[in-house]
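Fold and geometry: a report
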Amino acid sequence: MPDFSNFLEVQTRTPWGRTLADFADFCAPPPDSVILDVGCGPGLLPLLLAQSGSRSLGVDLDFGLLAARLAPNLAQAGALRLPFPAEAFDLVTASNVLFLLDDPAAALREWARILRPGGSLCLLNPSDCLSLASAGTIAQERKLDGASRESLLGWARNAEEHARWTESETGALFAEAGLILAESVLRVGPGFARFSRGRKPAAQAHPT
Ligand SMILES: C[S@@+](CC[C@H](N)C(=O)[O-])C[C@H]1O[C@@H](n2cnc3c(N)ncnc32)[C@H](O)[C@@H]1O
């Protein structure tokens with residue numbers, strides 16, 4: 001697993017913070033939603049999601065990152081074994097996490113398990129147009145330096161070493177977990193990030 005020990009700086013002092021704000025807007029949780037952000041790092045996304053009047057929690061495997069604690073409700077847990085009962089959340093989010101995992105299909109099944117029927121799963125992952133070359137071009141055009149440049153290039157390096165899913169590949173992964181892909185859009189510069197929303201089908205009413 002790559003080293004994410006600089007993620008407090010990445011979330012609070014680079015353009016990544018704006019990307020997380022855009023992603024929170026994309027997630028658009030209705031007020032009073034109960035939300036879990038998986039792989040939250042220091043917790044900027046749970047903090048942003050709580051601004052809509054929702055109750056948001058975050059979990060991450062890395063206790064050191066959680067110690068920075070930008071949001072109040074953070075806990076240590078692994079993405080594939082979440083300490084929550086089935087159907088506990090209206091919205092589950094994961095930003096820049098699924099693409100890193102060795103078994104993304106198992107992670108999606110676990111995240112679908114804790115979603116209530118009719119609930120949403122929103123993901124941010126690198127798109128297939130993110131590469132070291134394309135990130136280097138944008139970093140130069142935008143005169144990025146310091147942590148902003150390093151975090152963009154580090155993201156591109158991780159993307160090249162892990163998965164970058166197209167819309168149809170994302171739809172297939174969701175379907176394997178019993179989720180329906182409702183929306184998938186490209187964001188960040190020329191489209192480096194794919195924001196995707198899946199829905200867990202509402203419970204069927206059984207005729208009596
Ligand atoms: C690239 S960082 C993204 C952090 C944050 N979501 C963001 O977008 O700013 C990936 C995060 O996933 C966490 N992570 C990696 N594998 C994990 C796992 N199996 N379970 C929980 N968290 C994990 C890392 O500790 C790290 O905080």
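In what follows, the structure referred to is the one given above.
So, about the overall build of the protein. The number of helices and strands found in the protein is eight helices and seven strands. For the protein, the spread of C-alpha atoms along the three principal axes comes to 65 × 35 × 30 Å. Counting contacts in the protein only where the partners sit at least 6 residues apart, residues at least 24 apart contribute 63% of the total.

This part takes up the nonpolar core. Within the largest apolar cluster, 59 residues are counted, with the highest numbers of intra-cluster contacts made by L36, V38, L45, V92 and W111. Among the elements that line this core, the one with the most residues is helix α3 (residues 44-50), at six residues. For V92, the residues in contact, after removing those within four places along its chain, are L36, V38, W111, I114, L115 and L121.

What follows deals with the packing of helix α5 (residues 104-113) against helix α8 (residues 167-176). Two elements in contact, α5 and α8, have axes whose closest approach is 8 Å; the angle formed by their N-to-C orientations is 55°. When the axes of α5 and α8 are compared, the pair comes out oblique. As α5 runs across α8, the sense of the crossing is right-handed. Judged by residue contacts, P104, A105 and L108 of α5 engage L173, F174 and E176 from α8. For the contact of α5 with α8, the per-class residue count stands at five nonpolar, no polar and one charged.

Side-chain positions along a regular strand alternate between the two faces of the sheet. Where strand β6 (residues 180-187) and strand β7 (residues 193-199) come together, seven bridges link them in antiparallel fashion. Each bridged residue has a counterpart across the sheet, and for V185 the counterpart in β7 is F195. Between β6 and the antiparallel strand that follows it, β7, lie five residues; V188 among them carries a positive phi value of about 75°.

Before going further, it helps to spend a moment on α5. Of the residues making up α5, those classed as buried are P104, A107, L108 and W111. Each buried residue of α5 sits inside an arc of 100° when the element is viewed along its axis, so together they form one side.

To characterise two packed helices, one gives the angle between the axes of the helices and the distance between these axes. Look at helix α6 (residues 132-141) against helix α7 (residues 146-161): their axes get within 8 Å of each other, and the N-to-C directions meet at 165°. Classified by the angle their axes make, α6 and α7 are roughly antiparallel. As α6 runs across α7, the sense of the crossing is right-handed. Taking contact as the criterion, the partners of L132, A135, G136 and A139 in α6 are, on α7, R149, L152, L153, A156, R157 and E160. Across the contact of α6 with α7, the residue classes tally to six nonpolar, one polar and three charged.

Conventions adopted
- Residues numbered from 1 in each chain as written.
- Predicted model: local features only at pLDDT ≥ 70, side-chain atom pairs only at ≥ 80, totals over all residues.
- Helix = DSSP H or I, 4+ residues; strand = E, 2+ residues; numbered from the N terminus.
- Contact = placed C-beta atoms within 7 Å.
- Core = buried A, V, L, I, M, F, W, Y, C linked by C-beta atoms within 7 Å.
- Buried ≥ 20, exposed ≤ 12 C-beta atoms within 10 Å, placed from the backbone.
- Axes fitted to C-alpha atoms, helices over the stretch in contact; angles between N-to-C directions.
- Parallel < 35°, antiparallel > 145°, perpendicular 65-115°, else oblique.
- Left-handed = near helix turned anticlockwise from the far one by under 90°.
- Nonpolar A, V, L, I, M, F, W, Y, C, P; charged D, E, K, R; others polar.
- Pairing = 2+ DSSP bridges.
- Arc of directions from axis to C-beta.

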